[in-house]
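Given next are the chains, with one letter for each unit.
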Amino acid sequence: MSTTTRHPEPTAAAPQHALPDPGEQVPTLSWPIVGIFTAALAVFGTSTWAALTGALPAIATIAASSAAIFVLFTVLHDASHYSISSHRWVNVAFGRVAMFFVSPLISFKSFAFIHIEHHRNTNDGAYDPDHWVSSAPWWQLPIRFPAMDLPYISFLVRNVRRRPRAEVLETAALMTFSLTVIVSAAFTGHLWTLAVICLIPGRVAMFVLAWWFDWLPHHDLEDTQRENRYRATRNRVGSEWILTPLLLSQNYHLVHHLHPSIPFYRYVAAWQRNEEAYLERDAAINTVFGQQLDAAQYREWKRLNGKLAALLPVRMPRSSVARHASTHPIPVKSVEPLTPGSVKVIFDVPAHLSDQFQFQAGQHLTVRHRIDGQEVRRNYSICTSATSGELAIGVRHIAGGKFSTFALETLRSGDVLELMTPTGSFGAPLDPLARRDYVAIAAGSGITPILSLIRTTMEIETESRFVLFYGNKTAESTMFAAELDELESRYADRLRIVHIRSGEAHHPTAVRGRIDLAMVQRLLADDLTSIDRWYLCGPADLVTTMRDGLASEGVPTERINLELFRGANRSMDVDAFPESTVTITLSGADHTVKLAAGETVLESALKNKVDAPYACLGGACGTCKARITTGAVTMEQNLALTPAEVDAGYVLTCQSHPTTSAVAVDYDG
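Small disclaimer: the values here were computed from a predicted structure and weren't measured.

Trainee: What is the right way to look at the overall build of the protein chain in this model?
Mentor: Helices and strands together make up the secondary structure of the protein chain, namely 21 helices and 21 strands. With respect to the three principal axes, the spread of C-alpha positions in the protein chain is 100 × 55 × 50 Å. Out of the 669 residues in the protein chain, the part that is buried amounts to 54%. When contacts within the protein chain are restricted to residue pairs at least 6 apart in sequence, long-range pairs at least 24 apart make up 71% of them. Total accessible area on the protein chain stands at roughly 28200 Å², and carbon and sulfur atoms take up 58% of it. Once the 58 positive and 65 negative side-chain charges of the protein chain are each reduced to a mean point, those two points are 3 Å apart.

Have a look at this one:
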């Protein structure tokens with residue numbers, strides 16, 4: 001592993017508060033969704049029975065079924081954002097059932113894709129599928145409202161080449177089934193019955209949904225989501241005792257667009273947590289009767305109707321308090337399979353060591369363990385958010401790899417591993433008030449530090465945007481696929497993930513093959529030099545080729561951060577270096593050792609039983625970093641330290657050969 005480049009200082013603070021996370025997490029299971037889902041199915045089933053038996057007039061059964069379909073759309077909507085459950089399959093199951101009632105013409109996965117595009121491109125006429133309704137002239141609304149699924153189908157057809165084959169086939173099968181049922185009902189004389197049970201209720205529900213979910217939140221707003229995410233959608237305030245339950249909280253639709261994964265019944269609470277910060281950003285607010293309120297008017301409205309909520313602080317990640325990389329026995333909390341050849345290992349860090357194992361996004365851990373009587377030492381990047389309080393790594397199996405084989409086949413919850421405290425500086429400093437554009441390029445297990453960077457950046461820099469190009473052979477071999485999918489839904493308007501596959505014949509042509517600069521330029525659709533920060537992680541040939549390509553296109557090297565799986569082969573002639581005396585300061589103690597000609601500082605320390613920290617021995621991880629206090633050294637290679645660190649006297653001791661007769665290095669400094 002390694003990093004490059006000097007990081008610029010965070011941008012100067014703007015005269016406004018940072019926007020903390022809304023604090024609403026996806027539940028293990030959303031019981032309010034289960035409740036409305038069950039109630040809606042019961043109402044639909046009862047109204048269908050009444051229609052078939054003639055127990056109620058047709059107008060009553062149509063009204064009841066329409067209400068049930070309207071409610072089921074909220075289930076579908078939350079499922080598309082993975083808000084129903086932290087278990088992905090639960091969301092898909094609820095979504096597929098609800099989709100069948102709302103509009104059985106497209107699949108749940110197709111709907112989710114279209115809806116996420118609406119979030120990314122709100123109010124952009126060329127790319128927002130809902131703009132067909134929200135921008136319509138008033139006299140066309142009665143026609144467009146009940147036909148809302150038509151622009152969705154059109155949008156899907158235009159983008160069919162971008163979609164997975166299985167999703168397209170599922171949509172085609174649903175369309176065929178729906179048309180077959182309608183035609184069969186017409187030929188058998190049951191078309192009116194079918195119309196009363198589902199066709200008419202479906203159109204009535206679509207009319208109300210288009211009105212309440214699309215037109216009311218978006219009409220007459222000119223800003224797109226990319227231009228101003230606080231004024232691309234609005235909240236409607238007033239009469240909330242009736243409006244909130246009637247609209248199923250969509251009167252706070254702005255909250256949904258800012259934080260798409262929050263369950264619908266928590267929109268109001270999320271708004272109230274950071275109300276003042278939203279107002280500082282000139283959030284779009286209307287009253288229930290359509291009067292537009294600016295921040296001052298809303299504050300006065302709140303003064304008359306209630307109190308503004310207090311502003312919460314931003315939770316910034318802290319670094320480890322360890323003076324140097326130190327090793328501690330840490331229990332394994334769980335080992336979770338990611339793919340057939342990889343696992344996520346979550347650690348249970350004791351409370352008394354929590355400060356030692358605080359980390360910054362992009363850092364890594366060195367794992368030590370004895371396997372078959374032999375000590376094995378490996379580096380693994382941390383994959384969790386730096387604000388989450390959870391410490392975890394991703395391990396992909398390598399043929400013949402001792403630790404990766406052990407992790408996949410033997411490692412279990414409760415086992416204890418020796419972990420070094422976090423090291424490395426792959427990530428750049430974050431600023432809660434910054435508005436930056438990030439691009440990451442990863443392949444295979446290179447996703448692990450990138451995942452931590454995405455999660456942490458999206459949480460702290462609430463105005464920044466991130467694009468990830470992630471290369472794998474197949475969908476089955478893609479590490480953290482579910483987590484990435486959920487992150488993209490959670491940050492729909494600010495995060496775009498492009499999966500590039502080299503071993504799937506049916507993967508869309510535009511993203512099939514191996515990642516290269518030409519592909520990135522074509523898919524990014526932005527000037528490469530406009531990106532504030534590039535993160536590259538993966539095999540050396542990919543990382544170095546992309547770095548050189550970006551530099552040749554004019555991207556300043558200080559904007560390019562890279563992380564390698566391992567260092568390059570040592571090529572320097574070490575015989576010319578003299579013998580030396582090395583004084584090593586470690587954990588407050590000084591050790592003086594003799595260094596033979598050609599040895600590195602680290603080699604002399606380990607040979608003399610000084611337990612200096614190290615991991616890769618290739619100049620890539622930064623674990624062996626120390627500061628030169630006396631004398632001078634030459635490094636064979638440096639793939640981990642920034643120029644600022646080198647200027648401050650830091651070296652990689654695994655690469656350092658003394659050029660003076662006496663050298664002193666301080667691991668504590």
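Having seen it, we continue.
Trainee: How should a nonpolar patch on the surface be read in this particular structure?
Mentor: Among the surface-exposed residues, L179, I182, L191 and L199 lie close enough to one another that they form a single nonpolar patch of about 300 Å² accessible area. Those elements giving two or more residues to the nonpolar patch turn out to be α8 (165-188) and α9 (191-218).

Trainee: In this structure, what is going on with the packing of aromatic side chains? I would like to understand it.
Mentor: Two aromatic rings, taken as a pair, are described by how far apart their centres are and by the angle between their planes. Applying the stated criterion across every chain, the model contains 22 aromatic pairs. Between the aromatic rings of F264 and Y265, the centroid separation amounts to 5.4 Å while the plane-to-plane angle is 90°, which identifies the pairing as edge-to-face. What makes F264 buried here is its relative accessible area of 6%. With a relative accessible area of 30%, Y265 lands in the partly exposed category.

Trainee: What am I meant to see in the sheet that holds strand β21 (residues 662-666) here?
Mentor: Within a sheet, each strand pairs with its neighbour through backbone hydrogen bonds, oriented either parallel or antiparallel. A sheet is described by the order of its strands in space; here five strands give the open sequence β16-β15-β21-β17-β19, paired in mixed fashion. Strand pairing shows two members of the sheet lacking a second neighbour, β16 (589-595) and β19 (650-652), which therefore form its edges. For this sheet, the mean angle separating the axes of adjacent strands, direction not counted, is 35°.

Trainee: Would you take a moment to explain empty space enclosed by the protein for this structure?
Mentor: Think of a ball as big as a water molecule: rolled over the atoms, this probe shows where empty space is left. Using the criterion set out here, one finds three cavities of 30 Å³ or more in the structure. By volume, the largest cavity amounts to about 220 Å³. Looking at the largest cavity, it is lined by 20 residues, and the ones nearest its centre are F73, F111, M148, Y152 and M206. Counting residues per element, the ones that place at least two in the lining of the largest cavity are α2 (58-80), α3 (88-102), α4 (108-120), α7 (149-158) and α9. For the lining of the largest cavity, the element with the most residues is α9, which contributes five residues.

Trainee: Can you walk me through the nonpolar core in this structure?
Mentor: Considering soluble globular proteins, one finds that nonpolar side chains tend to be buried as a cluster. In terms of nonpolar packing, the biggest core is built from 67 residues, with V75, L76, F94, I106 and W271 touching the most fellow members. Formed by 29 residues, the second largest nonpolar core is a distinct cluster that contains I346, I447, L484 and Y491.

Trainee: When you look at the environment of V160 in this model, what are you seeing that I'm missing?
Mentor: With respect to the helices, strands and loops of the structure, V160 is situated in the loop between α7 and α8. Taking the C-alpha atoms as reference, V160 lies 39 Å from I59; in sequence the two are 101 residues apart.

Trainee: Just to check I follow, could you spell out unusual backbone geometry for this structure?
Mentor: Leaving glycine out, the prevailing phi sign among residues is negative, and the prevailing peptide bond configuration is trans. We note that S239 has phi near 55°; this positive angle belongs to a residue other than glycine. For S239, the location among the structural elements is in the loop between β1 (234-237) and α10 (240-246). For S239, a relative accessible area of 34% corresponds to the partly exposed category. Notably, D282 is not glycine yet its phi reads approximately 60°, a positive angle. Take D282: it is sitting in the loop between α13 (275-280) and β2 (284-287).

Trainee: In this structure, what is going on with the pattern of salt bridges? I would like to understand it.
Mentor: When charged atoms on two side chains of opposite charge get close, those side chains can pair. Applying the stated criterion across every chain yields a total of 24 salt bridges. Here R318 ties to D355 by a salt bridge, and the two come within 3.4 Å at their closest N and O atoms. Of this pair, R318 sits in the loop between α14 (295-305) and β4 (327-339) while D355 sits in the loop between β5 (342-347) and β6 (364-371), and the two are 37 residues apart along the sequence. Across the pair R627 and D666 runs a salt bridge, and its minimum N-O distance is 3.8 Å. Of this pair, R627 sits in strand β17 (residues 625-630) while D666 sits in strand β21, and the two are 39 residues apart along the sequence. When its relative accessible area of 14% is taken as the criterion, D666 is described as buried. A single network of salt bridges, built from pairs that share partners, joins R229, R281, R435, E463 and D493.

Trainee: Would you mind going over the pairing of β16 with me for this structure?
Mentor: Every other side chain in a regular strand lies on the same face of the sheet, so the side chains alternate between the two faces. Both strand β15 (residues 580-586) and β16 contribute to a ladder of seven bridges, which runs antiparallel. Bridge pairing in β16 places L586 opposite A589. Between β15 and β16, which pair antiparallel one after the other, the connecting turn spans two residues, and S587 there sits at a positive phi close to 55°.

Trainee: Can you walk me through the sheet that holds strand β13 (residues 533-538) in this structure?
Mentor: Strand order in the open sheet formed by five strands is β12-β11-β10-β13-β14, with parallel pairing between adjacent strands. Looking along the sheet, the strands with just one partner apiece sit at the ends: β12 (495-501) and β14 (560-564). Strand-to-strand, the axes of this sheet are offset by a mean angle of 10°, without reference to chain direction. In terms of strand pairing, strand β10 (residues 437-443) meets strand β11 (residues 465-472) through seven bridges, oriented parallel. Bridge pairing links D437 to R465 in β11. Running over the sheet, helix α17 (residues 481-490) touches β11 and β12 and is turned about 150° from β12.

Trainee: Just to check I follow, could you spell out the packing of α2 against α9 for this structure?
Mentor: When two helices pack together, their arrangement is given by the angle between the helix axes and the distance between those axes. Axis separation between α2 and α9 bottoms out at 7 Å; the angle between their running directions is 50°. Here α2 lies oblique to α9, going by the angle between them. Seen along the crossing, α2 lies across α9 with a hand that is right-handed. From α2, A58, T61, I62, S65, S66, I69, F70, F73, T74 and H77 reach across to α9, where they touch V196, I197, I200, P201, G202, V204, A205, V208, L209, W212 and F213. Across the contact of α2 with α9, the residue classes break down as 15 nonpolar, six polar and no charged.

Trainee: I'm lost on the state of the cysteines in this one. Help?
Mentor: A covalent bond bridging the sulfur atoms of two cysteines is what the word disulfide describes. Counted under the stated rule, the structure contains zero disulfides. Counting only cysteine sulfurs, C654 is the nearest neighbor of C624, a cysteine outside any disulfide, at a range of 3.7 Å. The class for C654 is buried, based on a relative accessible area of 6%.

Trainee: Can you help me understand the environment of L56 in this one?
Mentor: Among the structural elements, L56 can be located in the loop between α1 (31-53) and α2. In this structure L56 touches A50 and T61, once residues within four positions along its chain are discounted.

Trainee: Honestly, the pairing of β6 in this entry has me stumped. Any pointers?
Mentor: Counting buried positions along β6 gives seven out of eight residues, so the element sits mostly inside the fold. Examined bridge by bridge, β6 and strand β7 (residues 374-381) share eight bridges and lie antiparallel to one another. Pairing of L365 across the sheet is with Y380, part of β7.

Criteria and cut-off values
Residues numbered from 1 in each chain as written. Predicted model: local features only at pLDDT ≥ 70, side-chain atom pairs only at ≥ 80, totals over all residues. Heavy atoms only, no water. Helix = DSSP H or I, 4+ residues; strand = E, 2+ residues; numbered from the N terminus. Buried < 20%, exposed > 50% of the residue type's maximum accessible area, 1.4 Å probe, protein only. Contact = heavy atoms within 4.5 Å. Areas by Shrake-Rupley, 256 points an atom, 1.4 Å probe, with all protein chains shown as cover. Lys, Arg positive; Asp, Glu negative; His and termini not counted. Charge placed at Lys NZ, Arg CZ, Asp CG, Glu CD. Patch = residues over 30% accessible without salt bridge, like charges linked within 9 Å, V, L, I, M, F, W, Y side chains within 5 Å. Salt bridge = Lys/Arg side-chain N within 4 Å of Asp/Glu carboxyl O. Phe/Tyr/Trp six-rings, centres within 6.5 Å; stacked < 30°, edge-to-face > 60°. Pairing = 2+ DSSP bridges. Axes fitted to C-alpha atoms, helices over the stretch in contact; angles between N-to-C directions. 1 Å grid on protein atoms, 1.4 Å probe; cavity = no way out; pocket = protein on both sides within 12 Å on 5 of 7 lines; lining within 4 Å. Points joined across faces, edges and corners; volume = space filled by probe spheres on them. Core = buried A, V, L, I, M, F, W, Y, C linked by side-chain atoms within 4.5 Å. Parallel < 35°, antiparallel > 145°, perpendicular 65-115°, else oblique. Left-handed = near helix turned anticlockwise from the far one by under 90°. Nonpolar A, V, L, I, M, F, W, Y, C, P; charged D, E, K, R; others polar. Disulfide = S-S within 2.5 Å.

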